[in-house]
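Commentary on secondary and tertiary structure
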Amino acid sequence: MDKLIIQGGFPLNGEIRISGAKNATLPIFCAGLLAESPMRFSNVPHLRDVNTMLLLLAHMGMQVAVDESMNVTLDASKIHNPLAPYEMVKTMRASILVLGPLLARFGKARVSLPGGCAIGSRPVNLHIKGLQAMGAEIHIEHGYIEATAKRLKGARIFMDMVTVTGTENLMMAAALADGITVLENAAREPEVVDLAECLIKMGAKITGAGTDVITIEGVERLQGCDYSIVCDRIETGTYLAAAAMTGGRVKLNNTRADLLEAVIDKLREAGAKISHDANSITIESDGKLKAVNLRTAPHPAFPTDMQAQLMAMNTVADGVAQVTETIFENRFMHVQEMRRMGAEIEVDGHAALVRGAKHLDGTTVMATDLRASAGLVLAGLVARGETIVERIYHLDRGYERIEEKLSQLGARIKRVSS
Ligand code: UD1
């Protein structure tokens, strides 16, 4: 298993390119199931989750071609096996995103129930309820969602929690349904908007993406198109937090500030100077930061996927911060590991109180999920001495070449295979 070895205490300076968003790529590849002609995608990040999704789609009969620049072509004309097996779903919960498209296009789907994961129980009841409202017959048998439908029918669907992949699944299903579907209390995340834009390019009739009411008028068929994936706002936020902590001046290219305003506001409140133009963001920091309170909530509020990174920032900031997690019940797994580095954090249910320490000390740490691992890397960048981050396969799920990008900015970080 690979690990990262980091020598802390070096400022970050320079420019890097932000990759395409993992959480937009995964649903948009599933939208490929809806198209009657091939689709071509660019700005695709080279990540383990993206490979897993391509393997899953190929397993169903999708013809997949990937060139050396990660341009991906998908052709759904020979799908013969509308099945997402447990072995694949258990490694990547976003596999559930095949359910809506399979049902809408092929009238049947067999998808393993995802089960729990490290950050919480994460049910998919709202995906199922929404598809049932559109006329699907759904049974759970032997741990699998068995779904059939003749042609899905448009419906008014109120989701009693804001769910990102739930909104995406239902939007894809509704694109080929008979009649009009209205999704109320829909997720407003930029990745939902990117999926809607791709579907519209394929011929779908969708309005309201980016608001909490999305209206989809079903069409008979959808065609392939060329589509460039939106930039990754969480990767962007992670490098901004890193530069805020270490100090220095970093320019992030191929990204958009309007996708992460809540994160940028917090970094400014902490004392970083941030400017941007249409396609880049520049941060300057002297590394002396103030503690900032934050509370995660659905977009446009502060994203849960940035909570661990700003927790890391607060561990070395001046003052006391309250960090409240409202999306997932068990997303403080990084706290124990940060404490082992000298961080002063107390957890009480959904809230953590972080007292800024003078310094962190490097040690060996490991994490149980993707963003927690990112938080530990950031802590390592400012800790005294050497930090070893183990189990970095979590990081490889969602950060493209993280050690190369950080090295390019002047960090002392290397990957070691053991
Ligand atoms: C997506 C993101 C993930 C991010 C999360 C929250 C992808 C591939 N993943 O995950 O990175 O952390 O949004 O921004 O885009 N819920 C239910 N029933 C459901 C569905 C969800 O109760 O049917 C609950 C979940 O348990 C959770 C909350 O709703 O407490 C939000 O989860 P959701 O938005 O669905 O997360 P994902 O789409 O799985």
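Computed from a predicted structure; not experimentally measured. (Residues numbered from 1 in each chain as written. Predicted model: local features only at pLDDT ≥ 70, side-chain atom pairs only at ≥ 80, totals over all residues. Heavy atoms only, no water.)

Overview of the site of the ligand
- Around the ligand sit 18 residues in total, of which N125, T163, T165, D305 and I327 are the nearest.
- V164 places a main-chain nitrogen or oxygen 2.8 Å from an oxygen atom of the ligand.
- Here D305 contributes a side-chain N or O atom positioned 2.6 Å from an oxygen atom of the ligand.
- Calculation on the ligand without its partners gives an accessible area of 740 Å², and the protein chains cover 88% of this total.
- Elements represented by at least two residues in the shell around the ligand include exactly α5 (125–133) and α6 (164–175).
- Sorting elements by how many residues they give to the shell around the ligand places α5 first, with three residues. (Near = heavy atom within 4 Å. Polar contact = N/O pair within 3.5 Å; in protein donor to acceptor, adjacent residues only side chain to side chain. Areas by Shrake-Rupley, 256 points an atom, 1.4 Å probe, with all protein chains shown as cover. Helix = DSSP H or I, 4+ residues; strand = E, 2+ residues; numbered from the N terminus.)

Comments concerning the packing of helix α4 (residues 99–106) against α6
- Between α4 and α6, whose axes approach to 7 Å, the crossing angle comes to 10 degrees. The orientation of α4 with respect to α6, classified from their angle, is roughly parallel. Touching L99, G100, P101 and A104 of α4 are N169, M172 and A173, all from α6.
- Taken together, the residues of the contact of α4 with α6 break down into five nonpolar, two polar and no charged. (Axes fitted to C-alpha atoms, helices over the stretch in contact; angles between N-to-C directions. Parallel < 35°, antiparallel > 145°, perpendicular 65-115°, else oblique. Contact = heavy atoms within 4.5 Å. Nonpolar A, V, L, I, M, F, W, Y, C, P; charged D, E, K, R; others polar.)

Section: the pairing of strand β3 (residues 39–42)
- The alternating pattern of β3 places M39 and F41 on a buried face, while none of R40 and S42, on the opposite face, is buried.
- Relative to strand β14 (residues 226–228), β3 runs parallel, the two being bridged by three bridges. Across the sheet, the residue bridging to R40 is D226, located in β14. (Buried < 20%, exposed > 50% of the residue type's maximum accessible area, 1.4 Å probe, protein only. Pairing = 2+ DSSP bridges.)

A closer look at the sheet that holds strand β17 (residues 280–285)
- Across the sheet, which stays open at both edges, the four strands sit in the order β2-β15-β17-β16 with mixed pairing between neighbours. Two strands bound the open sheet, and with one partner strand each, they are β2 (12–17) and β16 (273–277). Strand-to-strand twist of the sheet, defined as the mean angle between neighbouring strand axes without regard to direction, takes the value 10 degrees.
- As judged from the six bridges shared by β2 and strand β15 (residues 248–253), these two strands associate in the parallel manner. Bridge assignment links E15 to a residue of β15, and that residue is K251.
- Those strands touched by helix α8 (residues 233–246) are β2, β15 and β17, and its axis lies near 20 degrees from that of β17.

Remarks on unusual backbone geometry
- P300 follows H299 through a cis peptide bond whose omega is 10 degrees.
- Following the sequence through the fold, P300 ends up in the loop between β18 (294–295) and α10 (307–315).
- Even without being a glycine, R391 presents a positive backbone phi close to 55 degrees.
- Assignment of secondary structure puts R391 in the loop between β23 (386–390) and α13 (393–398).
- With a relative accessible area of 30%, R391 lands in the partly exposed category.

Structural notes on the sheet that holds strand β9 (residues 144–148)
- If you walk across this open sheet you meet the four strands as β6-β7-β9-β8, and the pairing is mixed. Looking at the sheet topology across the chains shown, the edges are occupied by β6 (83–84) and β8 (137–141).
- Two strands pair when backbone bridges link them, and strand β7 (residues 108–112) and β9 are joined in this way by five bridges, in the antiparallel orientation. Across the sheet, residue V111 finds its bridge partner in β9, namely I145.

Description of the packing of aromatic side chains
- For the coordinates displayed, the defined rule picks out one aromatic pair.
- For the pair F29 and F41, a centre-to-centre distance of 5.2 Å together with 50 degrees between the ring planes defines the contact as tilted. One end of the pair, F29, is in helix α1 (residues 22–31); the other, F41, is in strand β3, and twelve residues separate them in sequence.
- On the basis of relative accessibility, which here comes to 0%, the residue F29 falls in the buried class.
- Looking at F41, the relative accessible area reads 1%, which means it is buried.
- The ring of Y144 is capped by R110, whose NZ or CZ atom sits 4.2 Å from the centre of that ring.
- Geometry around F10 places R412 over its ring, the cationic atom sitting 3.9 Å from the centre. (Phe/Tyr/Trp six-rings, centres within 6.5 Å; stacked < 30°, edge-to-face > 60°. Lys NZ or Arg CZ within 6 Å of the ring centre and 35° of its normal.)

Overview of the side chain of T163
- By the element assignment, T163 lies in the loop between β10 (156–158) and α6.
- Exposure remark for T163: the relative accessible area of 14% places this residue in the buried category.
- A polar contact is formed between the side chain of T163 and the backbone nitrogen of G166, at a distance of 2.9 Å.
- T163 has contacts with L126, H127 and A187, leaving out every residue within four places of it along the chain.

Let's talk about the packing of α10 against helix α12 (residues 370–382)
- It is the contact of α10 with α12, at a shortest axis distance of 7 Å, that shows an interaxial angle of 25 degrees. As far as their axial angle goes, α12 and α10 are roughly parallel. Here the hand of the crossing between α10 and α12 comes out right-handed. Where α10 abuts α12, its residues A308, Q309 and A312 lie against R371, A372, A374, G375, L378 and A379.
- Partitioned by chemical class, the residues of the contact of α10 with α12 number six nonpolar, two polar and one charged. (Left-handed = near helix turned anticlockwise from the far one by under 90°.)

Observations regarding the state of the cysteines
- Applying the stated criterion to the full structure yields zero disulfides.
- Between C30, a free cysteine, and C198, which holds the nearest cysteine sulfur, the sulfur-to-sulfur gap is 11 Å.
- Residue classification places C30 among the buried residues on the basis of a relative accessible area of 0%.
- Here C231 is not cross-linked by a disulfide; its sulfur's nearest cysteine counterpart is in C198, at 16 Å.
- Using a relative accessible area of 6% as the deciding quantity, one classes C231 as buried. (Disulfide = S-S within 2.5 Å.)

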